[in-house]
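Okay, here's what each chain looks like letter by letter:
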Amino acid sequence: MNPYAVPSLLAFLVDVALVAFVLSANPKSRLNRVFALLISMVAAWGFGEFIWRASPNAETAALWMKIIAFSWCFLAGFYLHFALIFSGKEGILKHKLSYVFLYGPGFVFYYLGWFQDLFTREMVLMDWGYSSVMAKGYWIYLAWLGSYFILGLIFVFGVLKKATHRLVRKQALFLIIGTLIPLTIGTINDGILPMLKVPTMGLTTLSSTGMAGIITYAIIKYQLMAITPAATAESIIATMTDSLTVIDPQAHILMVNQACLDLLGYGRAELIGRPFNFICDERFKEMMLGRLVEKGSIRDVDLSYCTKSGGKIPVSFSGSLMRDGQGEVLGILCLARDMRERIKAEECSERLNKELEKKIEALEEFKRITVDRELKMIELKNRIKELGGRS
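Rules used throughout
Residues numbered from 1 in each chain as written. Predicted model: local features only at pLDDT ≥ 70, side-chain atom pairs only at ≥ 80, totals over all residues. Heavy atoms only, no water. Axes fitted to C-alpha atoms, helices over the stretch in contact; angles between N-to-C directions. Helix = DSSP H or I, 4+ residues; strand = E, 2+ residues; numbered from the N terminus. Parallel < 35°, antiparallel > 145°, perpendicular 65-115°, else oblique. Left-handed = near helix turned anticlockwise from the far one by under 90°. Contact = heavy atoms within 4.5 Å. Nonpolar A, V, L, I, M, F, W, Y, C, P; charged D, E, K, R; others polar. Core = buried A, V, L, I, M, F, W, Y, C linked by side-chain atoms within 4.5 Å. Buried < 20%, exposed > 50% of the residue type's maximum accessible area, 1.4 Å probe, protein only. Polar contact = N/O pair within 3.5 Å; in protein donor to acceptor, adjacent residues only side chain to side chain.

K.L.:
Explain the packing of helix H4 (residues 96–115) against helix H5 (residues 138–162) to me, using residue names and the numbers behind them.
P.N.:
The geometry of H4 relative to H5 is characterised by a closest axis approach of 12 Å and an angle of 160° between their N-to-C directions. Judged by the inter-axis angle, H4 sits roughly antiparallel to H5. As for the relative orientation of H4 and H5, their crossing is left-handed in sense. Packed against H4, whose contacting residues are Phe101, Leu102, Pro105, Gly106 and Phe109, the element H5 presents Ile140, Tyr141, Trp144, Tyr148 and Leu151 at the interface. The residue inventory of the contact of H4 with H5, partitioned by class, reads nine nonpolar, one polar and no charged.

Dropping the structure here:
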């Protein structure tokens, strides 16, 4: 076996292990699934690099280069998709055209790479095995790849800039570092040096595996991807009749249960990433949020939720902070109970009580009048008897 192919094989095995770890941690999380797909592309790239470096001839190496080309064609789309979810921009993803933007170019590049040799002019045997001599169209692909990664970095940097919570800042920082490593190495190794006609052994796959390792470390150390539907026991809360919402420390909605969607009339994608005051009146941000952070929880506070149609629903609101093992706030668990039926019942009870009071007053008045009449009759009879005795 070509010893230079071994690092690519090891990178492939590490990436597969990272994919398994991320999915086993929370297979229902959209963020986890997209990250797993991202690392799957890196894994496929590493496997392909191992195969073509160890290939017995140039034709076999070129064939495997075309087969595995899908991995780097869709890598940028999955990274940008991941960055959008992490930065709370999931509202963008509710538009179908956003998926065309994310993955459409990947299909085009893969087609051109397979049928038009967009990436590779020929395969040549180097000291480290077969390597490709890039075609002119490869530079168009590199420009597109870099633009998507830079756009994703901008979204993640926005999280770092706006976040006030230490945990969120750590997560964003590790994502930025993990992205800059393969982006920098890839730009030099696969862009600048080939332009200068300097032969290079591909290092982008190894550096991308490093990116996956750094982000996975952030998953373990800083609970990246921790606030998800599964983390809040979606299998249990799906049956709740009360509205449940999980918000991050900046009061942006991370998840809602079906009862909340039914109550307000929204779809899930319409609420994820929105500020909490999009559905709750301003008193929460002005008064309740500070009390909640100070005390750790609040119970049975009268607030109003806003429906999609613009109506107001009175609710009894309770909230509790969610903390990690170090005491840092991960998010806020918000529970709201629809009070309309209770208010109607209370109003009905109050009305019945008033009607009962009126009837009691009427009975009391009737009793008073009747008793007074009886007393007067007795007095009259006694008077008649007195008058009869005198005569």
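Now that the structure has been shown, the text picks up again.
K.L.:
Outline the environment of Val34, listing residues and values.
P.N.:
As for its position among the elements, Val34 is in helix H2 (residues 30–53). Here the alpha-carbon distance between Val34 and Phe78, two residues 44 residues apart in the chain, equals 6.5 Å. Those residues in contact with Val34 that sit more than four places away from it in its chain are Phe78, His81, Phe82 and Ile85.

K.L.:
Tell me about the nonpolar core, residues and numbers included.
P.N.:
Among the nonpolar cores identified, the biggest contains 56 residues, and Leu38, Ile39, Trp52, Trp72 and Val156 are the most heavily contacted of them. Contributions of two or more residues to this core are made by helix H1 (6–25), H2, helix H3 (58–86), H4, H5, helix H6 (166–195) and helix H7 (204–222). Broken down by element, the residue count for this core peaks at 17 residues, all from H3. Residues contacting Leu38, with those up to four places away along its chain left out, are Leu75, Phe78, Tyr79 and Met211. Leu271, Tyr305, Phe317 and Cys334 belong to the second-largest nonpolar core, a separate cluster that totals 30 residues.

K.L.:
Tell me what's going on with the side chain of Asn257, and back it up with residues and numbers.
P.N.:
Mapped onto the fold, Asn257 is located in the loop between strand E4 (253–256) and helix H9 (258–264). Judged by its relative accessible area of 2%, Asn257 falls in the buried class. A polar contact is formed between the side chain of Asn257 and the backbone oxygen of Asp242, at a distance of 3.0 Å.

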